[in-house]
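# Architecture at a glance
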Amino acid sequence: MTRPQPDLDETPLVLKQAIAELREGSVVPDEWRAELLAKVPRRRRRPAIVRWAPIAIAAAICLGVGMKVGRTRSESMVGGSASRVRFSIRAPLAARVSLVGDFDRWDPAAVPMRRDGDGETWTVDVHLPPGRHVFAYAVDGDLKTDPNAARAVEDDFGVPSSVIVVATAGGR
Amino acid sequence: MSSLARPTQLFTGDVTGAATAEVPLVGMTDGALVRRTLDGDARAFTELVDRHASACLRYATRMLGERSDAEDVAQETFLRAFKALESYDEALPFRTWLFSILINRCRTAMTQRMRRERRVVFDNDALERSTVEATQVAVELREELAKAIAALPPDQREAFLLRHVEDLSYEEIMSVTGAGMSALKMRVKRACERLQQLLAEGVRR
Amino acid sequence: MRVRWLGLICAMPFALRAQAASPAGAPQLTPPLKAGVERLADSVRAFGLPTDPLFAKAAEGALKGADDQRIMVAVRRLVRDLSDAKAALGEGATADELQAGASALHAGVALELVARLGRAASEGQQPVRPVGSSGGRGASGRLVMPLVTLADMVARNVSPAAAVASIEALVNRGAADAQFLALRSDVERDIAAGERPDVAMQRRSASIVKRLEK
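The rules behind the values
Residues numbered from 1 in each chain as written. Chains lettered and ligands numbered in written order. Predicted model: local features only at pLDDT ≥ 70, side-chain atom pairs only at ≥ 80, totals over all residues. Helix = DSSP H or I, 4+ residues; strand = E, 2+ residues; numbered from the N terminus. Contact = placed C-beta atoms within 7 Å. Buried ≥ 20, exposed ≤ 12 C-beta atoms within 10 Å, placed from the backbone. Pairing = 2+ DSSP bridges. Axes fitted to C-alpha atoms, helices over the stretch in contact; angles between N-to-C directions. Parallel < 35°, antiparallel > 145°, perpendicular 65-115°, else oblique. Left-handed = near helix turned anticlockwise from the far one by under 90°. Nonpolar A, V, L, I, M, F, W, Y, C, P; charged D, E, K, R; others polar. pLDDT = per-residue confidence, 0-100. Arc of directions from axis to C-beta.

### Things to note about the overall build of chain B
- Regarding its fold elements, chain B presents nine helices and zero strands.
- Here the contacts in chain B between residues at least 6 apart in sequence split such that 57% fall between residues at least 24 apart.

Listed below in structure tokens is the structure:
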């Protein structure tokens with residue numbers, strides 16, 4: 001003879017009162033409702049059933065195609081093609097200048113810059129993918145920021161860096 | 001013979017659907033409303049929202065403990081439901097289907113919130129412990145009851161709310177959460193015992 | 001020292017990355033530091049976060065002469081910022097978006113505001129199957145420019161709430177990257193000329209909004 005199994009569902013009185021309170025419906029705020037309904041995209045009609053007149057079907061399909069469902073999204077550059085960026089710094093007395101940053105693991109030997117014809121400006125062109133890049137110039141071993149570029153917000157080491165942002169090709 | 005009343009509000013749906021503007025929606029089943037929505041009747045979706053918003057907000061508020069999070073999650077749920085309406089199968093009650101979306105949204109919101117509050121995602125022990133800590137609770141219920149609910153582990157809270165507050169059958173809960181029958185019953189039982197205990201002695205934070 | 005910086009030039013269609021540093025030439029990390037960063041990178045990878053930024057941060061610290069402890073602190077902070085960015089922006093955020101989000105958080109923007117910007121960009125995403133589905137963002141990388149702009153503006157003392165409100169308005173209207181860039185430089189110039197940061201931000205973004213609404 002098996003023992004009677006306890007009813008796993010029995011709810012004592014204390015709990016019944018709590019449950020009654022929990023079951024009270026939640027007030028639906030007007031602004032919440034209005035905001036939600038404003039966000040609902042316009043739905044394209046499903047293709048009409050055959051019993052409609054041919055002209056009506058054509059009209060329905062044309063209108064369906066013309067309506068946008070949801071906000072139009074522009075194409076973004078998936079994968080992001082690199083953009084050519086020119087870095088320049090004026091350092092007439094320097095012997096060696098290179099570009100360092102997160103794109104070359106801060107290696108002073110990776111991207112040396114070349115002295116221009118005027119003898120005072122150092123330049124290099126680099127292909128950088130879209131996004132945010134932190135960098136600085138290594139001028140004879142000293143790190144210099146680029147006064148014409150934004151200062152990087154991160155300052156973990158007490159030595160500032162610059163930031164450039166490369167837009168996605170085509171701008172959108 | 002039915003006389004079709006003129007709608008008192010401006011019809012905001014598909015302009016080509018002149019015939020759809022005049023039918024009253026109040027007596028329609030949820031399934032019929034879904035079909036009308038798919039056909040382009042914007043009012044039909046509004047009616048669905050009005051029928052189920054209160055329950056969604058109620059569940060989300062109890063589950064998340066935070067009213068503003070609940071409102072966000074409930075909105076997201078309806079928007080996702082709208083976009084997925086074509087996949088709704090009328091064999092399932094609409095509210096149950098809707099709740100399957102809501103439950104997942106709540107679970108995602110809770111995971112995100114746990115990470116936010118703990119800030120150390122990689123400490124697995126901390127992550128485990130944080131599931132039983134009571135989080136900030138907005139006062140919509142009596143505070144003790146709200147705290148007691150919030151003190152339940154999420155899986156027990158979820159099972160308890162679905163069974164005893166939202167009145168889903170165990171079969172329905174199984175289908176929307178993927179949990180097995182005996183696991184579910186055990187969670188509900190433990191939740192009941194714990195709640196009883198917490199309410200009796202007052203919740204200690 | 002006068003510096004001439006020519007900004008970005010029109011895009012080249014091929015996808016070349018900047019030359020990665022050869023391991024031999026990169027600033028050297030001490031063995032314990034290297035091991036520590038690699039351990040952290042392993043955990044980070046398991047959580048779907050990018051690992052390159054960790055090594056870049058460590059290399060930056062080494063080049064700048066910081067000691068191991070200071071570098072480790074910076075790398076850990078970056079990990080926290082990246083994981084917070086992921087919580088704010090969701091599973092579908094790209095590595096670039098996470099880094100941009102981390103910089104915004106680093107600048108002092110509250111998590112909720114970063115998340116709000118993320119939500120603004122995710123309107124109109126693809127429909128998702130209800131049961132067992134995970135959240136996700138549709139297009140890749142759309143948030144990088146808005147988030148970077150946000151970080152920069154806050155770093156220039158625009159209040160986070162004002163910055164997010166302005167940037168959100170632009171995101172909602174599909175502003176192009178070039179417009180965010182222009183916004184950044186215009187606001188910087190205005191602030192340098194003495195205008196109050198919040199005022200400059202609102203004025204410049206309002207004029208872009210007006211143009212987008214035409």
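Let's pick the thread back up.
### What to know about the overall build of chain A
- For chain A, the helix and strand inventory stands at three helices and nine strands.
- Secondary structure elements of chain A occur, N-terminal to C-terminal, as α-α-α-β-β-β-β-β-β-β-β-β.
- When each of the 172 residues of chain A is scored for burial, the buried share is 34%.
- A sequence separation of at least 24 residues applies to 61% of the contacts in chain A between residues at least 6 apart.

### Looking at the pairing of strand E6 (residues 131–139) of chain A
Residue and element names in this part refer to chain A.
- Among the nine residues that make up E6, eight are buried, leaving the element largely enclosed by the rest of the structure.
- One ladder, built from five bridges, connects strand E2 (residues 97–101) with E6; its direction is antiparallel. Residue pairing for E6: Ser-98 is matched across the bridge by Ala-138.
- Between E6 and strand E7 (residues 142–144), which pair antiparallel and follow one another directly, the connecting turn spans two residues, one of which, Asp-140, has a positive phi of 50 degrees.

### Notes on the pairing of strand E5 (residues 121–128) of chain A
Residues and elements named next belong to chain A.
- Of the strand pairs in this sheet, strand E1 (residues 83–90) and E5 are connected by eight bridges, and their pairing is antiparallel. Pairing of Ile-89 across the sheet is with Trp-122, part of E5.
- The sheet contact formed by strand E4 (residues 114–115) and E5 spans two bridges and is antiparallel. Looking at the pairing, Arg-114 lines up with Thr-123 of E5.
- The hairpin turn running from E4 into E5, its antiparallel successor, is five residues long, and Gly-119 in that turn takes a positive phi close to 80 degrees.

### Concerning the packing of helix H2 (residues 52–63) of chain C against helix H3 (residues 68–89) of chain C
Residue and element names in this part refer to chain C.
- Relative to each other, H2 and H3 sit at 150 degrees, their axes nearing to 9 Å. One way to sum up the angle between H2 and H3 is to call them roughly antiparallel. Crossing of H2 against H3: the hand is right-handed. Taken together, the residues of H3 that come into contact with H2 (itself represented by Pro-53, Leu-54, Lys-57, Ala-58, Gly-61 and Ala-62) are Arg-70, Ile-71, Ala-74, Val-75, Leu-78, Val-79 and Leu-82.
- Partitioning the contact of H2 with H3 into residue classes produces 10 nonpolar, one polar and two charged.

### Here we look at the confidence of the model for chain B
Residues and elements named next belong to chain B.
- Of all residues in chain B, 73% attain a pLDDT of 70 or more, and the chain-wide mean is 76.
- Low confidence marks residues 118–141, where pLDDT is under 50. Its contacts with residues over four positions away, or in another chain, come to 35 contacts.
- Overall fold confidence (pTM) sits at 0.48, and the ipTM for the predicted complex is 0.73.

### So, helix H5 (residues 111–121) of chain C
- Burial in H5(C) covers these residues: Leu113(C), Val114(C), Ala115(C), Leu117(C), Gly118(C) and Ala121(C).
- Along its buried surface, H5(C) packs onto H3, helix H4 (95–106), helix H6 (144–155) and helix H7 (160–172) of chain C.

### Considering helix H1 (residues 30–38) of chain B
All names here are of chain B.
- Within the span of H1, buried status applies to Leu-33, Val-34, Arg-36 and Thr-37. Buried residues in H1, looked at end-on, bunch into an arc of 165 degrees, giving them a common side.
- Among the residues trailing H1, Gly-40 stands out with phi positive, at a value near 110 degrees.

### Comments concerning unusual backbone geometry
- The phi dihedral of Asp140(A) is positive, around 50 degrees, even though this residue is not glycine.
- Locating Asp140(A) in the fold gives a position in the loop between E6 and E7.
- Here Asp140(A) falls in the exposed class, since 11 other C-beta atoms lie within 10 Å of it.
- A positive phi angle, close to 65 degrees, is found at Asp167(B), a residue other than glycine.
- Along the chain, Asp167(B) turns up in the loop between helix H7 (154–165) and helix H8 (170–177).

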